[in-house]
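In case you want the letters, here they are:
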Amino acid sequence: MGSGSLGLQSAPGSALVTGGGSGLGRATALRLATAGTVVGVLDRNAAAAEDTAAEIRGRGGRAVVFAVGVTDESGVDQAAAVLAERHGPLRKVVNGAGTSIRKGLLATSLDEWRTVLEVNLTGYFVVMKAVVPRMREAGGGAIVQIASIAGHIGYGSSSYTATKGGVTESAPRRQGAR
């Protein structure tokens, strides 16, 4: 990851990383912490979030755990508020939480479809609603929405492809959220 994409240089403020307990979210949280940023590790899996935070602290960084799923509107809003109030303005957000049901369209149940849409698309919306006003008030920052090439070319499971296309089309720059 290039240092320019998230403004990785140390600056006053904090970062919120959703899905910070595993995968790209975890890797991003660890990288942000090496730049001196206080990282809010938000993940519905409390143990995974704690593991990431422990690794950050073990490397000399600072991390706060929020055991919250991205579809929990009040929990996400509270996490963003606590992070900004206690650790400086929210300057960086990485929407990295995601899930996938690896089935074709006809093999996917309605409940499975809804789960993927809730986490991968509605969760991004919930996070954006919580962080954009705080970031504007603080003078701006950087937001990264983790999407996938699947959203452009349509491969893999249909629910995942639909959500990643939705993430791409709802990017903050297209909504004037800068």
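Bear in mind that the values here come from a model prediction, so they are computed numbers and not experimental data.

Visitor: In this structure, what is going on with the overall build of the chain? I would like to understand it.
Guide: The secondary structure content of the chain amounts to 7 helices and 5 strands. Tracing the chain from N to C terminus, the helices and strands come up as β-α-β-α-β-α-β-α-β-α-α-α. When burial is assessed residue by residue, the chain has 48% of its 178 residues classed as buried. Of the contacts made within the chain by residues no fewer than 6 positions apart, 62% connect residues no fewer than 24 positions apart. Here the chain displays about 8700 Å² of accessible surface, and carbon together with sulfur accounts for 52% of that area.

Visitor: Looking at this structure, how should I read the packing of helix 1 (residues 23-34) against helix 2 (residues 46-58)?
Guide: The geometry of a pair of packed helices is captured by two quantities: the angle between their axes and the separation between those axes. Their axes nearest at 10 Å, the elements helix 1 and helix 2 cross at an angle of 25°. The orientation of helix 1 with respect to helix 2, classified from their angle, is roughly parallel. Judged by the twist between their axes, the crossing of helix 1 over helix 2 is right-handed. Contacts between helix 1 and helix 2 involve Arg26, Ala29, Leu30 and Ala33 from the former and Ala48, Asp51, Thr52, Glu55 and Ile56 from the latter. Partitioned by chemical class, the residues of the contact of helix 1 with helix 2 number 5 nonpolar, 1 polar and 3 charged.

Visitor: Looking at this structure, I do not really get the nonpolar core. What am I missing?
Guide: Proteins that are soluble and globular tend to have nonpolar side chains buried together. Judged by nonpolar contacts, the single largest core of 23 residues is most densely connected at Leu16, Leu42, Phe66, Val76, Leu90, Val93 and Val131. When residues of this core are traced back to their parent elements, those giving at least two are strand 2 (38-42), strand 3 (63-66), helix 3 (73-87), strand 4 (90-95) and helix 4 (110-137). Here the element with the most residues in this core is helix 4; it accounts for 8 residues.

Visitor: Explain the confidence of the model for the chain to me, please; I cannot follow it from the model alone.
Guide: Of all residues in the chain, 78% have pLDDT values of 70 or greater, and the mean over the chain is 85. Within the model, pLDDT remains below 50 along residues 1-5, and this stretch shows 6 contacts once partners closer than five positions in the same chain are excluded.

Visitor: How do you make sense of the pattern of salt bridges when you look at a structure like this?
Guide: Two side chains bearing opposite charge may form a pair once their charged atoms approach each other closely. Per the counting criterion, the structure on display carries 4 salt bridges. One salt-bridge network, held together by shared partners, links Arg26, Glu55 and Arg59.

Visitor: So what exactly am I meant to see when it comes to the sheet that holds strand 4 here?
Guide: Where strands meet in a sheet, backbone hydrogen bonds hold them as pairs that are either parallel or antiparallel. Taken together, the 5 strands give an open sheet; going across it, the order is 3-2-1-4-5, and neighbouring strands pair in parallel fashion. With one partner strand each, in any of the chains shown, strand 3 and strand 5 (142-145) form the two edges of the open sheet. The mean inter-strand angle of the sheet, taken between neighbouring strand axes irrespective of direction, is 15°. Bridge count for strand 4 against strand 5 is 4 bridges, and the pairing is parallel. Paired with Val93 across the strands is Ile143, a residue of strand 5. Where helix 2 meets the sheet, it contacts strand 2 and strand 3, and its direction lies at approximately 175° from that of strand 3.

Visitor: Just to check I follow, could you spell out the pairing of strand 4 for this structure?
Guide: Burial analysis of strand 4 places 5 of its 6 residues in the buried class, the great majority of the element. Regarding the hand of the β-α-β motif, the stretch spanning strand 4, helix 4 and strand 5 is right-handed.

Visitor: Help me understand the environment of Ala80, please; the structure alone is not making it clear to me.
Guide: Tracing the backbone through its elements, the reader meets Ala80 in helix 3. The contact partners of Ala80, leaving out residues within four places of it in the chain, are Leu90, Ala130, Val131 and Arg134.

Visitor: I keep staring at helix 2 and nothing clicks. Help me out?
Guide: Quick reminder: α-helices carry 3.6 residues per turn. Residues three or four places apart thus point the same way. The end-to-end C-alpha separation of helix 2 is 18 Å, in line with the 18 Å expected for 13 residues at 1.5 Å each. Within helix 2, burial applies to Ala48, Ala49, Thr52, Ala53 and Ile56. Considered in projection along helix 2, the buried side chains sweep an arc of 135° and stay on one side of the axis. Among the exposed residues of helix 2, those oriented more than 90 degrees off its buried face are Ala47 and Gly58. Looking at the buried positions of helix 2, the neighbouring elements they touch are helix 1, strand 2 and strand 3. At the N-terminal end of helix 2, a side-chain oxygen is found 3.2 Å from the backbone nitrogen of Ala47, two or three residues along, and the residue is Asn45. Among the residues trailing helix 2, Gly60 stands out with phi positive, at a value near 95°.

Conventions adopted
Positions within a chain are numbered from 1, following the residues in the order the chain's sequence is written. It should be noted that, the model being predicted, local features are given only for residues of pLDDT at least 70 and side-chain atom pairs only at 80 or more, the latter also being counted only at that level, while totals for whole chains, interfaces and linings use all residues. Each side-chain value is worked out from all heavy atoms of the structure, with water and hydrogens disregarded. Secondary structure is summarised from DSSP: a helix means a run of H or I of at least four residues, a strand means a run of E of at least two, and numbering begins at the N terminus for each. Only protein chains enter the accessibility calculation, which uses a 1.4 Å probe; a residue whose area is less than 20% of its type maximum is buried, one above 50% is exposed, and one in between is partly exposed. Residue contacts follow a heavy-atom distance rule, with two residues in contact if any of their heavy atoms lie within 4.5 Å. Values of accessible area rely on a 1.4 Å probe in the Shrake-Rupley scheme; residue burial ignores everything except the protein chains shown. Angles shown run from 0 to 180 degrees and are taken between the N-to-C directions of axes, each axis being a line fitted to C-alpha atoms and, for helices, limited to the stretch in contact. What sets the label is the angle itself: under 35 degrees gives roughly parallel, over 145 gives roughly antiparallel, 65 to 115 gives roughly perpendicular, and the rest give oblique. In this scheme, a crossing is called left-handed if the near helix is turned counterclockwise away from the far one by less than a right angle; it is called right-handed if the turn is clockwise. Only Asp, Glu, Lys and Arg are considered charged, only Ala, Val, Leu, Ile, Met, Phe, Trp, Tyr, Cys and Pro nonpolar, and every remaining residue, Gly among them, polar. What we call a nonpolar core is a set of buried Ala, Val, Leu, Ile, Met, Phe, Trp, Tyr and Cys residues that are connected through their side-chain atoms within 4.5 Å. A residue's pLDDT is the predictor's confidence in that residue, given on a scale from 0 to 100. One speaks of a salt bridge when a side-chain nitrogen belonging to Lys or Arg is within 4 Å of a carboxyl oxygen belonging to Asp or Glu. Pairing between strands is defined by DSSP: at least two bridges between the two strands are required. When the strands point away from the viewer and the connection leading from the first strand across the helix to the second strand turns clockwise, the crossover is called right-handed. Expected span of a helix, by definition, is 1.5 Å for each gap between consecutive residues, and there is one gap fewer than residues. The directions from the helix axis to the C-beta atoms are what the arc is built from. Definition of a polar contact: a pair of N or O atoms within 3.5 Å, with one able to donate and the other able to accept a hydrogen when the atoms are protein atoms, and with sequence-neighbouring residues admitted only if both atoms are side-chain atoms.

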